[in-house]
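Next come the chains, spelled out residue by residue.
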Amino acid sequence: MAKLTFNGGIHPFDGKEMSKNIPIKAVNPTRDLVYPLSQSIGAPSKPIVSKGDYVLVGQKIAEADGFVSSPLYSSVSGTVKAIEERLTVSGKKEMSIVISNDGLYTESWAWEVKPYESMDNSEIIERIREAGIVGLGGAGFPTHVKLSVKEPQKIDYCIINGAECEPYLTSDYRKMIEAPEKIIEGLKIYLKLFPYSLGIIAIEDNKEDCIKVFKALTKEEPRIIVKALKTKYPQGSERHLIYAVTGREINSKLLPLDVGCIVNNIDTVISVRDAIFEGTPLLYRIITLTGNSIRNPRNYKVRIGTSFLDLVEENGGFKQEPKKIISGGPMMGIPLFNLDVPVTKTSSALLCMTDDDVMEMEPSECINCGRCVQACPERLMPKQLSDFGEHGNSEGFLHYHGLECVECGCCSFVCPAKRPLAQVIKSMRKMELAKKKR
Amino acid sequence: MSDLLNVSSNPHIRSKTTTSSLMFSVIVALLPATGYGIFHFGLKAFYIIALAVFTAVCSEKLFCIITKRKSTIGDFSAIVTGLLLGLNLPVSVPLWIPVLGSFFAIVVVKMLFGGLGQNFMNPALGARCFLVISFASIMTDFSIDGVSSATPLQAMRAGDSVNLLDMLKGNTLGTIGETSALALLIGAVLLIILNVIDVSIPLTYIGTFVVFMGIFGGKGFDAIFLTQHVLGGGLILGAFFMATDYVTRPITFAGRIIYGIILGLLTGIFRVFGPSGEGVSYAIILSNLLVPLIEKVTVPTFFGKRGTKNA
């Protein structure tokens, strides 16, 4: 049963102390807002505004294109300046809607709010879809798709992922401290959708105060339990979270619902709650601005579409010249070569580092120490997989289950020879997945 | 400043452990045994070890220069090889033995196969076995200053008794580094605490060996007899410092257990049925050859393989 942890994994320096104790602050954009049309897994959204249109806060600017797709909303009021290719976090230029902010923040939405108990399940899911909510932990899988389960009675657990195992990130922590009741309200919506399920709020034990708060708040809730997980990266990985709290294992071919689980990130649950309780679409993200070149590391409530540059300027610029800037955490985040890219639905942090460990390291020969095998939470053999990757040996790669890799980066982290194991495996995996699709 | 920032694939942080830091830990862990060896066998032991280390480093450097490769001596692994070889030599050897041995270890066993990480056999042990086969009488002469007497294992074979405390302290005959079990164990504990090695191989190795000796050693499960065998010869040095050599042991956990068991069996067979009564070196290099096979059959079951729909 529940082991509250998993085998493998690593304990990197967590860096959360820098930003965890300062309350979230709202910040308004000063530059144009940029909304890439592709912000989630699935088809990009289709714009429904054109150049010159005046839009309000909460006005839909692009609609979903198909079932696995999600609509976009303007987070400011102003004029649509262009629909053109703009640089995004991915490093590529992507088709985006650009809105120039008039600074008035005139709001528009007028969704009817009903008590969720009186709503139909299909009505709830439709509202979630309409609100543009996707998995905000990073993957960006549209939430309504996840919740559209054929047999809702077969779901045993609704798991809220409060692990936040990435070093430096504290946005989930701040949300748990500042609005725990919202998370519980959100979870209750899930429990209505899945009538036979048990709600589990899973939090790593380095966030003791959160665990205490939730235990106190859910004392009277028969269908909600709080689980304290052992702190270890990557505990927040969906597969390892499910294993830690239920003892059930899934691989790359199974979905959480195949083992009766629905897993959602803290912020996703809050957005679901806001869509149902307040009738608001997804407009904001909480972003951890941190790293040792940041003057005052803290969390910001940011309007989606805001440039990361605005965030840094609001914070008073850099204390020290950053060498590397990462969107997300240090383990799985995406490095940026240019700071002027927009916050999207799946952004969670901006980490500005003064040292770049990785660039200074020269990979040397593998000494077969086995640390990668020990650290791999998927019980793979990263050393072998990266050998296969380097030699393009697709047969060997598949035989050693390379497709099961979750790209957590533990192997590269522990490697004493500083070999880019995760990088090689990741690219090989991408190639193999692409081949499969063909 | 350029407008472009550094980008590289994730993860963006790395652990502080490096190949050289691991090798350095091994060197430090071997110092108690080295120190005791020099104290016990005299200044000549120091010369032997120093020559072995010096030759190992020079051979590697020269090899890199001649083959136009980047110098790899900075990873300290040549020092470890030289040191281990020195500790595996009797003090009576002429001084060209460590030079020849280290040269063989580095050039033939290690570098010709592609350098650190590619050698399939422990270089120090490969060289020692080469020396034992080529110069048998020199390599098995354990006399000090011309006075010869028996090593603990030889004495036990002859039916004489050996003082256990002397064996623990190292006040016996043998190669420079193998006599003091205590000094070796201090180093081994250090390596375990620093997470450089884990106990899977030493424990299964020694455990299997003890069981084997209990059954086939001829004295049953006699505690003193078995302890003498564990402390005698090169077992402690081999089990903790050479069987655990990363490059030449299996990478998987299950593989290490199998490897340890094979080592224990082979060492037992060589000690009981072999001609010399010693068998650790041969057991280890033979098992080294089995590693690719062991790794092949011990691929771990991936996470979620047992996962089934609607469990």
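Just so it is clear, the model here is predicted, and its values are computed rather than measured.

Along chain A, the regular secondary structure elements total 15 helices and 17 strands. Taken over the C-alpha trace, chain A has a radius of gyration of 21 Å; the compact-globule value for 438 residues is 22 Å, and the two agree within 12%. The principal-axis extent of the C-alpha atoms belonging to chain A is close to 60 × 50 × 50 Å. When burial is assessed residue by residue, chain A has 57% of its 438 residues classed as buried. In chain A, of all internal contacts separated by at least 6 residues, the share reaching a separation of at least 24 is 72%.

Attention now goes to the overall build of chain B. Summing up its helical and strand segments, chain B has 14 helices and 0 strands in all. Across chain B, helices and strands are ordered from the amino to the carboxyl terminus as α-α-α-α-α-α-α-α-α-α-α-α-α-α. Here the C-alpha coordinates of chain B stretch approximately 75 × 60 × 30 Å along the principal axes. Buried residues in chain B amount to 52% of all 311 residues. Intrachain contacts of chain B at a sequence separation of at least 6 include 74% that bridge at least 24 residues.

The subject of this paragraph is the interface of chain B and chain A. Taken together, the contact between chain B and chain A spans 38 residues of the former and 57 residues of the latter. When grouped by side-chain class, the residues that make up the side of chain B that touches chain A number 16 nonpolar, 16 polar and 6 charged.

This part takes up the nonpolar core. Within the largest apolar cluster, 205 residues are counted, with the highest numbers of intra-cluster contacts made by Ile159, Ile160, Ala202, Ile242, Ile262 and Cys411 of chain A. Here the element with the most residues in this core is helix α1 (residues 19-41) of chain B; it accounts for 9 residues. Counting residues domain by domain, this core receives three or more from each of domain 1 (118-277) and domain 2 (371-437) of chain A. Non-local contacts of Ile159 of chain A, meaning those with residues more than four positions away in its chain, are made with Ile200, Ala202, Leu241, Ile242, Val245, Cys261, Ile262 and Val263 of chain A.

Right, let's get into the packing of helix α2 (residues 121-130) of chain A against helix α8 (residues 266-277) of chain A. Residue and element names in this part refer to chain A. Contact geometry of α2 with α8 gives a least axis separation of 9 Å together with a crossing angle of 110°. Relative to α8, the element α2 is oriented roughly perpendicular. In this structure, α2 crosses over α8, and the sense of that crossing is right-handed. Between α2 and α8, the contacting residues are Ile124, Arg127 and Ile128 on the first element and Val272, Ala275 and Ile276 on the second. Looking at side-chain class alone, the contact of α2 with α8 contains 5 nonpolar, no polar and 1 charged residues.

Our next topic: the domain arrangement of chain A. Residue and element names in this part refer to chain A. When its domains are assigned, chain A resolves into domain 1 (118-277) and domain 2 (371-437). Computed over C-alpha atoms only, the centres of domain 1 and domain 2 are separated by 29 Å. Taken together, the 6 residues of domain 1 in the interface contact 5 residues of domain 2. Residues belonging to the side of domain 1 that touches domain 2 are distributed by class as follows: 1 nonpolar, 4 polar and 1 charged.

Residue and element names in this part refer to chain B. Taking 1.5 Å per residue as the helical rise, α1 with its 23 residues ought to reach 33 Å, and the 32 Å between its terminal C-alpha atoms agrees with that figure. The largest bend along α1 reaches roughly 40° and is located at Leu31, with the proline Pro32 sitting one to four residues downstream. Count one or two residues on from α1 and you reach Gly42, which has phi positive near 95°.

Moving on, we come to the sheet that holds strand β12 (residues 261-265) of chain A. All names here are of chain A. Pairing is parallel across the open sheet formed by 4 strands, whose spatial order is β11-β10-β9-β12. Of all strands in the sheet, those with a lone pairing partner are β11 (224-229) and β12, marking the two edges. The average angle at which neighbouring strand axes cross in this sheet is 25°, direction not considered. Bridge count for strand β10 (residues 198-204) against β11 is 6 bridges, and the pairing is parallel. By the bridge assignment, Ile200 is partnered in β11 with Ile225. Contacts from α8 reach β9 (157-162) and β12, with the element oriented near 90° to β12.

Bringing the pairing of β12 of chain A into the picture now. On any regular strand, side chains alternate: one points to one face of the sheet, the next to the other face. All names here are of chain A. A large share of β12 lies buried, amounting to 5 of its 5 residues. Because side chains alternate across β12, one face comprises the buried residues Cys261, Val263 and Asn265, and the other comprises Ile262 and Asn264, equally buried. Relative to β12, β9 runs parallel, the two being bridged by 5 bridges. Considered in β12, the bridge of Tyr157 is made with Cys261.

Sheet architecture is open: 4 strands sit in the order β2-β8-β7-β4 (chain A), paired in antiparallel fashion. Among the strands making up the open sheet, the edge pair consists of β2 (33-36) and β4 (54-55) of chain A.

Of note, the bond from Tyr233 of chain A into Pro234 of chain A is cis; its omega dihedral lies within 30 degrees of zero at -5°. With respect to the helices and strands, Pro234 of chain A occurs in the loop between β11 and α7 (238-246). The linkage connecting Asn10 of chain B with the following residue, Pro11 of chain B, adopts the cis geometry, with an omega of -5°. Mapped onto the fold, Pro11 of chain B is located in the segment before α1.

Before going further, it helps to spend a moment on the environment of Ile176 of chain B. Residues and elements named next belong to chain B. With respect to the helices, strands and loops of the structure, Ile176 is situated in the loop between α8 (164-169) and α9 (181-193). Look at Ile176 and you get buried, because 25 C-beta atoms sit within 10 Å. Those residues in contact with Ile176 that lie beyond four places of it in its chain are Gly37, Phe41, Ala45, Ile48, Ile49, Gly86, Leu87, Leu89 and Val91.

Attention now moves to the packing of helix α5 (residues 123-134) of chain B against helix α14 (residues 280-297) of chain B. Residue and element names in this part refer to chain B. At their nearest, the axes of α5 and α14 sit 10 Å apart, and the two run at 125° to each other. For the element pair α5 / α14, the angle class is oblique. Considering how the two elements wind past one another, α5 and α14 form a crossing that is left-handed. Along its contact with α5, which presents Leu125, Gly126, Arg128 and Cys129, the element α14 presents Ser281, Tyr282, Ile284 and Ile285. Classifying every residue of the contact of α5 with α14 gives 5 nonpolar, 2 polar and 1 charged.

This part covers the environment of Thr218 of chain A. All names here are of chain A. Secondary-structure assignment places Thr218 in the loop between α6 (208-217) and β11. Thr218 sits in the partly exposed class, given 18 other C-beta atoms within 10 Å. Distance from Thr218 to Glu181, taken between C-alpha atoms, is 9.5 Å for residues 37 residues apart in sequence. Sequence-distant contacts of Thr218, defined by excluding residues within four places in its chain, comprise Ile184, Ile224 and Val226.

To continue, consider α14 of chain B. Residue and element names in this part refer to chain B. The terminal C-alpha atoms of α14, which comprises 18 residues, lie 25 Å apart, in line with the 26 Å expected from a rise of 1.5 Å per residue. At Leu290, α14 shows its largest kink, close to 45°, and the proline Pro292 lies no more than four residues downstream. Taken residue by residue, α14 has Val280, Ser281, Ala283, Ile284, Ile285, Ser287, Asn288, Val291, Ile294 and Glu295 as its buried positions. Looking at the buried residues of α14, the elements they touch are α5, α12 (235-242) and α13 (253-273).

Calculation rules
Residues numbered from 1 in each chain as written. Chains lettered and ligands numbered in written order. Predicted model: local features only at pLDDT ≥ 70, side-chain atom pairs only at ≥ 80, totals over all residues. Helix = DSSP H or I, 4+ residues; strand = E, 2+ residues; numbered from the N terminus. Rg over C-alpha atoms; globule rule 2.2 N^0.38 Å. Buried ≥ 20, exposed ≤ 12 C-beta atoms within 10 Å, placed from the backbone. Contact = placed C-beta atoms within 7 Å. Nonpolar A, V, L, I, M, F, W, Y, C, P; charged D, E, K, R; others polar. Core = buried A, V, L, I, M, F, W, Y, C linked by C-beta atoms within 7 Å. Domains from an automatic or database assignment. Axes fitted to C-alpha atoms, helices over the stretch in contact; angles between N-to-C directions. Parallel < 35°, antiparallel > 145°, perpendicular 65-115°, else oblique. Left-handed = near helix turned anticlockwise from the far one by under 90°. Expected span 1.5 Å × (residues − 1). Bend = angle between axes of the 7 residues up to and from the residue. Pairing = 2+ DSSP bridges.

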